[in-house]
Every structure is written in C-alpha cells, then in structure tokens.
Amino acid sequence: MNVQSKEKEMLAFLERLVNIDSGSNNKAGVNEVGKELIPYFEKIGYEITKVKQDEAGDHLIIKHPAQKKASILIVAHMDTVFEEGTAKERPFSIREGRAYGPGVIDMKASLVSVIYALRYLKEINSNAYQDVQVILNSDEEVGSLTSRPIIEKEAYEKSYALIMEPARRDGSVVTERRGSGRFTIEVHGKAAHSGIEPEKGRSAIEELAHKILKLHELNDHEHGISVNVGIIEGGDAVNTVSAMAIGHLDVRVATLKQAEEVEHKIEEVCASSDVTGTEIELTGDMRRPPMLKNKKNEKLFHIVKKVGAELGIEIKDTKTGGGSDASFTSAMGIPTIDGLGPIGGNAHSDKEYLEISSLTERTLLLAKVIERLAEENNKVQQT
C-alpha cells in the first residue's frame, strides 16, 4: 500500500465524517461517527469494545487479539464543539489545497490518519500494528469527564502514548501543555423592585462582579497562570435587583504546584460574600494536569523527529495553552507526544481547515513512528 496514492480515498472518508454533526452533546451524532469507523478497524483485525454512556456518545476501546499487552496507546476523540445543523450549513469542501468543514482538523482528519496508518502497517506485513491499542472517546471537547478514567486505566503499563490532536500550523508536534480547570460560581441574592424598594434587595450580580475582579487578580501570565470568567448569567429584568447570577471560570496553569495553589485561592475568594445577604456556591475543579516537557517526553519526541528526518520531514516541537488527553498519560509518567495529527488551523471556528498535502504525509509519519516504537519495545523485552 502506498499511502500517498490513497489521498482521494482518504478525503472521501473524511468528507463522510465531517458531514456528520458530532458535538459533544450530540450522542447520536458521535455514535454515528463511531459506526463509520468500526468497520475499518474490524477489517484490519481489531476487536472493538463499546463503553456505553448515558448522555455522551459511546467510547470505543480498540485492541488486536494477537497482542494481549500492547505497548503503544493511541488516543483520539470523535466529538467536536459544533452545534447540530452546522454540517448542513457548511459541509465539507475543498478550496485551494485545503479542506474545510466542522471538525475537519480537530480531529476528524486524525481519525482517518489513524486507520490508514494501521492499515499501511498491516499491508506491508509489519506486525507493529498489533502492538497498538486505540481509544476513541466522545467527550474530549468538554473535558473528558467520563473518558478520563478509561484512558488512565488502559494507559497503565503502556510504554508510549500518541495523542492525535492536530499538528500546529507550522507542522510542530506538542510536547508541553498547560493544565486546565473549570469552575462555576453560583450566587444567590434577594430580588426586589429597583425603583420602589431597592434597599430590600441583595444583588447577586453585584456580588458576582466583586468575585470576578478578585479572581482576575489571580492572573500571572508571565508564569503561565490564566484565570478568566468567560461567561456570566444573571437577572430577570432591568428594573429588578437580581436574585441569581452565575459565572463560568476557565483556569490554565503551567505546573502542578500552581494548580493546587490557584484552586485554593479560588476557594478562598468564594468563601465569603462582599455583598451582605448573598450566598455563593462554588463547583468544579482542575480537570487536566499540565503536560510537562520531561525527559521521557523529550526522548519520545527525538524518536519522532528522527523518523521524520528519515522521511524528509523536519519535525519541531512546541508548547500550547490548550488542553488535551495528553495531560493524563503524561501525568502518569508514560512517554507522551501530542499533535501527531495532520496539519491545519482555525480549530473551533467556521474557518477550520486541513492542509490536504499533510494528510498522507502525517499518516505515513504516524505509521513509521508506530513501527519504530514497536521495534524499541521489542529490544527492551529482549534485554
């Protein structure tokens, strides 16, 4: 099998996936994506276990029966951030060497890449594809709340973790990510008519405003700490003192120590009211630990870089503030590399795109990385 010759076939497969709405809350849509993928894995010889979910789509655990204890874990997600109807409004399209559509780079192109990389290995008679276990989850875009325990369980004792988020625009893979958290601040006050008897009211919006100012003072961008109340809700009418207000808080940190410290400070800020008579309820936590560029991850990156050089591809690495499932495997001490998907940009927007030329190139890179890691694992087992 020549990967480059499969570009048209891969794009046709990608078009089918992109034209399925599969937002994180669209259980039927995510399961439809899974339904499209499963036959491809089965044809290569894999066995698929569905982990049923009540609200999100079902997670898929994909193993080869010839290998009881695979050394390589690949993690990719089937969900997107887009609302139902988006695919109909702006379906898959190709213009000037780029493919467009909801989720085309984050990360439906990666789903195609994984399948064709494994298929390539089988067709060149490399048993490396049997040394791979794949997890396709359905809730990565909302924090991997139900899939995190699955990823961590299946990652146990793996030698390597390859996370299929897209490569950066310049083709760089990711070796470092900030940790992230999500919190909700719900403030309860007392309603009153703002013209007739405002003194009887206790403004939840005013209390939330105090909290927002204090929380934003926790920002320390120079050291990688970002605290942002990105969504607020509250009030029933402009002439009513608000009885309810809600703030949704996003937190990013560079180190585990920062995560602990910032979470504690958030709790302190929300422990008491500035507006007498209001009450505060804080929920949420730090969802993803930071992915650090440690020695294990750096060693894995150098393997990827060397394989890339053999293919004539210069591989660079970078860090990013966005979160991914790489944080979980890296925090477990498993050598982890992220951004192994094809190249693209503008993820989560109506301008999201895939560089078509990178689809086959990065698929071949993934296949050769898997083959090299399987060889490395065999060497370790023989010593």
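This text goes with the structure placed above it.
Residues numbered from 1 in each chain as written. Predicted model: local features only at pLDDT ≥ 70, side-chain atom pairs only at ≥ 80, totals over all residues. Heavy atoms only, no water.

Attention now moves to the overall build of the chain. Within the chain, the regular secondary structure consists of 10 helices and 18 strands. For the chain, the C-alpha radius of gyration of 23 Å lies close to 21 Å, the compact-globule estimate for 383 residues. Looking at the chain as a whole, 52% of its 383 residues are labelled buried. Here the analysis covers contacts within the chain between residues at least 6 apart in sequence; of these, 79% occur between residues at least 24 apart. Averaging the locations of the 49 positively and 61 negatively charged side chains of the chain gives two centres separated by 6 Å. (Helix = DSSP H or I, 4+ residues; strand = E, 2+ residues; numbered from the N terminus. Rg over C-alpha atoms; globule rule 2.2 N^0.38 Å. Buried < 20%, exposed > 50% of the residue type's maximum accessible area, 1.4 Å probe, protein only. Contact = heavy atoms within 4.5 Å. Lys, Arg positive; Asp, Glu negative; His and termini not counted. Charge placed at Lys NZ, Arg CZ, Asp CG, Glu CD.)

Turning our eyes to something else, we now look at the packing of helix α2 (residues 27-44) against helix α4 (residues 104-123). The contact between α2 and α4 brings their axes to 10 Å, and the two run at 10 degrees. Looking at the two axes, α2 sits roughly parallel to α4. Contact residues: α2 offers V33, L37, Y40, F41, K43 and I44, while α4 offers K108, L111, V114, I115, Y116, L118, R119 and K122. Split into classes, the residues belonging to the contact of α2 with α4 amount to 10 nonpolar, no polar and four charged. (Axes fitted to C-alpha atoms, helices over the stretch in contact; angles between N-to-C directions. Parallel < 35°, antiparallel > 145°, perpendicular 65-115°, else oblique. Nonpolar A, V, L, I, M, F, W, Y, C, P; charged D, E, K, R; others polar.)

Let's shift gears to helix α8 (residues 295-310). Structurally, the α-helix is built with 3.6 residues per turn, so residues lying three or four positions apart point the same way. In this model, α8 (16 residues) spans 23 Å end to end at C-alpha, consistent with the 22 Å of a helix rising 1.5 Å per residue. Among all positions in α8, only N297, L300, F301, I303, V304, V307 and G308 are buried. Buried residues in α8, looked at end-on, bunch into an arc of 155 degrees, giving them a common side. Along α8, the residues that are exposed and aim more than 90 degrees away from the buried face are K295, K299, K306 and A309. Structurally, α8 contributes buried residues whose contacts are with β7 (160-163), β8 (173-177), β15 (317-320), α9 (326-331), β16 (336-337) and α10 (356-382). (Expected span 1.5 Å × (residues − 1). Arc of directions from axis to C-beta.)

As a further point, take unusual backbone geometry. Going from D106 to M107, the amide bond is cis rather than trans, its omega being -10 degrees. We note that S144 has phi near 55 degrees; this positive angle belongs to a residue other than glycine. With relative accessibility at 0%, the residue S144 sits in the buried group.

Take the sheet that holds strand β13 (residues 244-253) next. Pairing within the open sheet is antiparallel, and its four strands lie in the order β11-β13-β9-β14. Looking along the sheet, the strands with just one partner apiece sit at the ends: β11 (226-234) and β14 (279-288). Here the average twist between neighbouring strands, direction ignored, is 15 degrees. Taken strand by strand, helix α6 (residues 204-216) contacts β9 (179-188), β11, β13 and β14, and its axis lies near 170 degrees from that of β11. (Pairing = 2+ DSSP bridges.)

The sheet built from six strands is open, its strands ordered β1-β2-β6-β3-β7-β16 with mixed pairing. Across the chains shown, the open sheet's two edge strands, defined by having one partner strand only, are β1 (47-51) and β16. Seen against the sheet, α4 touches β3 (72-77) and β6 (132-137) and runs at an angle of roughly 145 degrees to β3.

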